[in-house]
Amino acid sequence: MSNDEHTAPYGGPQNDAAAKTPKRIRTHHLQRFKDEGQKFAMLTAYDAMMANVFDEAGIEVLLVGDSAANVMQGSSSTLSITVDELLVYAKSVVNGVHRSLVVADLPFGSYQVSPEQAVLTAVRFMKEAGVHAVKMEAHAATAPHVKAVVDAGIPVMAHIGFTPQSEHQLGGFRVQGRGEHAEKVIDDALSLQSAGAFCVLVEMVPAQLTADLDAALRIPTIGIGAGNASTGQVLVWQDMLGLNNGRLPRFVKQYAELRRTITDAAHSFRRDVVEGTFPGEEHGFSAE
């Protein structure tokens, strides 16, 4: 048994499929999950505290997404966030985990210019933030960028289908890969696999296309708005836990209503302060 594995279950009952649960999730474990027909979960994270919660819950992969521009900075798109800004979030997430694989997005404009630019940006995320892999929105024409990063020793998760950094080129938030366009999505995925990507994230495509992709690829797939045929599934954590009060995509399932819980708590705190019941004697210090 390797040092990366132990026989005790993580966050659940022992079973034959989970006889060896990794102490630290690495890219080859995701490949093993696909090979053995297992699923894994992925959530976004942007700070150490929430990353630690998800890590303890057994979430296998944490994505420091450029979605931080939306949910942390209030921007209407992912395009505005910079490398320096995302590096801070990424380092915070790395500091909060012991087991999860941490993947960071390469922000818009930080890798598209050339393979060399992609390598330089990816290196910064590895050296300055300590992430374990990077994610790049890519297609067949940018496969050389992915290959260059992989050749530099940096694992790459490729992102295809609807790619938010290309929202203006794609005509907004639209489902991709319908009809005759399905073949291009599969060709893109195969090209990125050949370039060395360890995983392909596919967003907002028909469920059948995801099934075809997962069957065509040797490497794992992760879906978001792409049906349940992929090896993994990812959601933005604020959507998943009901913190976002905006319009939710149809593919989001809310597992809690944290916005209501937090709002009620904040109301209670304010009431206690206004009425003078907080702080009480038990919250203060004596003169002795």
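This one's a predicted model, so the numbers in the text were calculated from it and none came from an experiment. (Residues numbered from 1 in each chain as written. Predicted model: local features only at pLDDT ≥ 70, side-chain atom pairs only at ≥ 80, totals over all residues. Heavy atoms only, no water.)

Asker: When you look at the UniProt feature "binding site: 3-methyl-2-oxobutanoate" (unreviewed entry) in the protein in this model, what are you seeing that I'm missing?
Answerer: The sites that UniProt annotates as "binding site: 3-methyl-2-oxobutanoate" (unreviewed entry) are Asp66, Ser67, Asp105 and Lys135. A maximum C-alpha distance of 12.5 Å places the annotated residues, which cover 70 residues in sequence, within one compact spot. Assignment of secondary structure puts Ser67 in the loop between strand S4 (61-64) and helix H3 (68-71). For Ser67, the residues in contact, after removing those within four places along its chain, are Thr44, Tyr46, Thr78 and Val236. Along the chain, the position of Lys135 falls in strand S6 (residues 133-137). (UniProt positions renumbered as here; feature names shortened; annotations may be inferred. Helix = DSSP H or I, 4+ residues; strand = E, 2+ residues; numbered from the N terminus. Contact = heavy atoms within 4.5 Å.)

Asker: Sorry if this is basic, but what is going on with the nonpolar core here?
Answerer: Among soluble globular proteins, nonpolar side chains are generally buried collectively. Phe54, Leu62, Phe125, Val131, Val134 and Val149 are the most contacted members of the largest nonpolar core, which totals 61 residues. Tallying contributions element by element places helix H4 (residues 83-96) first for this core, with seven residues. Residues Ala133, Cys199, Leu201 and Val234 belong to the second largest nonpolar core, which totals 17 residues. (Core = buried A, V, L, I, M, F, W, Y, C linked by side-chain atoms within 4.5 Å. Buried < 20%, exposed > 50% of the residue type's maximum accessible area, 1.4 Å probe, protein only.)

Asker: How do you make sense of helix H5 (residues 115-129) when you look at a structure like this?
Answerer: Each turn of an α-helix holds 3.6 residues, which means side chains three or four residues apart point in the same direction. Look at H5: 21 Å from first C-alpha to last across 15 residues, which is about the 21 Å you get at 1.5 Å a residue. Every buried residue of H5 is listed here: Ala118, Val119, Thr121, Ala122, Phe125 and Ala129. Lining the buried residues of H5 we find H4, strand S5 (101-105), S6 and helix H6 (143-151). Note on H5: the residue one or two positions beyond its end, Gly130, has a positive phi of about 80 degrees. (Expected span 1.5 Å × (residues − 1).)

Asker: Would you take a moment to explain the pairing of S6 for this structure?
Answerer: Two faces make up the sheet, and in a regular strand the side chains alternate between them. Burial analysis of S6 places five of its five residues in the buried class, which makes it a mostly covered element. Burial along S6 is two-sided: the residues Ala133, Lys135 and Glu137 and Val134 and Met136 are all buried. Following the chain from S5 across H5 to the adjacent parallel S6, one finds a crossover that is right-handed. Direction of pairing for S6 relative to strand S7 (residues 156-161): parallel, over a ladder of four bridges. (Right-handed = clockwise from strand over helix to strand, strands pointing away. Pairing = 2+ DSSP bridges.)

Asker: Looking at this structure, I do not really get the packing of H4 against H5. What am I missing?
Answerer: The axes of two packed helices give the description: the angle between them and the distance between them. Taken N-terminus to C-terminus, the directions of H4 and H5 make an angle of 40 degrees; their axes are 9 Å apart at the nearest point. In terms of their interaxial angle, H4 and H5 are classed as oblique. With respect to the hand of their crossing, H4 and H5 are arranged in right-handed fashion. When H4 is examined against H5, the residues Val83, Asp84, Leu86, Leu87, Ala90, Lys91 and Val94 are found in contact with a partner set consisting of Thr121, Arg124, Phe125, Glu128 and Ala129. (Axes fitted to C-alpha atoms, helices over the stretch in contact; angles between N-to-C directions. Parallel < 35°, antiparallel > 145°, perpendicular 65-115°, else oblique. Left-handed = near helix turned anticlockwise from the far one by under 90°.)

Asker: Before we go on, may I ask you to explain the packing of H5 against H6 in this structure?
Answerer: Their axes nearest at 8 Å, the elements H5 and H6 cross at an angle of 45 degrees. Taken together, the axes of H5 and H6 are oblique relative to one another. For the pair H5 and H6, the crossing hand works out as right-handed. Together, Pro115, Ala118, Val119 and Ala122 of H5 and Pro144, His145, Ala148 and Val149 of H6 make up the contact between the two elements. For the contact of H5 with H6, the class distribution of residues is seven nonpolar, one polar and no charged. (Nonpolar A, V, L, I, M, F, W, Y, C, P; charged D, E, K, R; others polar.)

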